[in-house]
Amino acid sequence: MALITQDVSLVAVAVLNGEGCAKGCAERDDCAFAVVSNLGNEGSPWVYVNEEGGQHDQWSGVGLTTWTTEDPTDIVGVKSFIMVVSGSETLPLARSMDKGTTFAFLSGATDMTSNAPYAADLITPDKILMVGANGYVWMSTDYGETWSTVDNGAATTEDLKKIMICRQNPAVVYAIGDNNAIIKSINGGYNWVALTGPSAADALTALEVLNENDVLVGNDDMELWYTVDGGTSWTQQSTLPGLPTAGKISAISCCACGAVEKAGVCFLVVQDTAGSSHVAYRNAGWGAAQWESETGYLSMSLAPEDVICCENNRALIAGGNGTNEGFTGLIS
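Residues numbered from 1 in each chain as written. Predicted model: local features only at pLDDT ≥ 70, side-chain atom pairs only at ≥ 80, totals over all residues. Heavy atoms only, no water.

K.L.:
Just to check I follow, could you spell out unusual backbone geometry for this structure?
P.N.:
Of all residues except glycine, most have a negative phi; of all peptide bonds, most are trans. Its identity is not glycine, yet Y143 carries a phi of approximately 65 degrees, on the positive side. Notably, N179 is not glycine yet its phi reads approximately 50 degrees, a positive angle. Owing to a relative accessible area of 43%, N179 belongs among the partly exposed residues under this scheme. (Buried < 20%, exposed > 50% of the residue type's maximum accessible area, 1.4 Å probe, protein only.)

K.L.:
Just checking my understanding: could you explain the sheet that holds strand β11 (residues 128-132) for this structure?
P.N.:
In sheet architecture, strand pairing relies on hydrogen bonds along the backbone and comes in two forms, parallel and antiparallel. If you trace the four strands from one edge of the open sheet to the other, you get β10-β11-β12-β13, paired in antiparallel fashion. Either end of the sheet is taken by a strand with one partner, and the two such strands are β10 (117-122) and β13 (148-152). Neighbour-to-neighbour, the strand axes of this sheet turn through a mean angle of 25 degrees, independent of strand direction. The sheet contact formed by strand β12 (residues 136-140) and β13 spans four bridges and is antiparallel. For Y136, the partnering residue across the bridge sits in β13 and is N152. (Pairing = 2+ DSSP bridges. Helix = DSSP H or I, 4+ residues; strand = E, 2+ residues; numbered from the N terminus. Axes fitted to C-alpha atoms, helices over the stretch in contact; angles between N-to-C directions.)

K.L.:
How do you make sense of the environment of Y190 when you look at a structure like this?
P.N.:
Tracing the sequence through the fold places Y190 in the loop between β16 (182-185) and β17 (193-195). For Y190, a relative accessible area of 44% translates into the label partly exposed. Along the chain, Y190 and V137 lie 53 residues apart, while their C-alpha atoms are 9.2 Å from each other. For Y190, the contacting residues outside a window of four places in its chain are K127, M139, V150 and S185. (Contact = heavy atoms within 4.5 Å.)

K.L.:
Sorry, what's going on with the pattern of salt bridges here?
P.N.:
Oppositely charged side chains can pair when the atoms bearing their charge come close. Evaluation of the coordinates by the stated rule reveals five salt bridges. We note a salt bridge from K99 to E51, for which the minimum N-O separation is 3.3 Å. Residue K99 is located in the loop between β8 (93-96) and β9 (104-106), and its partner E51 is located in the loop between β4 (46-50) and β5 (60-63); the two are separated by 48 residues in the primary sequence. For K99, a relative accessible area of 22% corresponds to the partly exposed category. In this structure, R167 and D121 form a salt bridge, with 2.6 Å as the shortest nitrogen-oxygen distance. Linking R167 in the loop between β14 (160-165) and β15 (173-177) with D121 in strand β10, this pair joins segments that are 46 residues apart in sequence. Using a relative accessible area of 16% as the deciding quantity, one classes R167 as buried. (Salt bridge = Lys/Arg side-chain N within 4 Å of Asp/Glu carboxyl O.)

Given below as structure tokens:
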């Protein structure tokens, strides 16, 4: 585990590999990660980059001193390109073209001032999709320089908090959010339709698109749902072992490089919202009953906010105490 030296807590993590199956998978020595923090006691968020497989003593950081209003909500990237989202700032997007050495702050779309962006996804930086408050969806085809509004809340008016492009078929995209909201595009994000979500009234908090029809969704009741027909129907998986009394699934990340058939490993983190019994899981068999807790994480008192894998047996957890203490935890 690496404790962050600045007085900040980490909120999101990205993998920068962009090779192999275009899901970020790589040989472990080539794994590269980027994480972003809250404001903490520093007054501005920090971005940290690790190009050495997530090794705990190989992080370099830079402060995003232009931002002082509220915490960022997401970070995405590929190769040398990194984008950070902080929707409450006057310039809500921070972009690096040199792997986090320097950042430019961008204005985004004009309607982002009244509909804060929350999360983004990309396979290559010449096409970025972003979701936000009130069901808004945006697209950029020029590395985030300019943005077009592709859905102004027509598919859903709920706040959208996660988005993921299908790596095997980038025409298919899913986004999830508050109050069981889930929307889908089958033409690369240009048009969107609402799906019936798996758990009425729950916030959907974690999303993993395994292929165009197979999707995993977690919620704020620690339930894990699965569809094999593109969201037409949903099945609840078996209850995860060792759950806390109250909590939410913060994030899911799967790595299945190579052929489209299921052959890989999934990682999942649960945040205890009433205490400190947080749990990290690994599933190497894709079965509903094959989630196993990572015993090395059971002693952690700091909350996991996000997890990302870079190859089948290497993933990075980022989190903290929500105020002024952050950490990264490497699973390998």
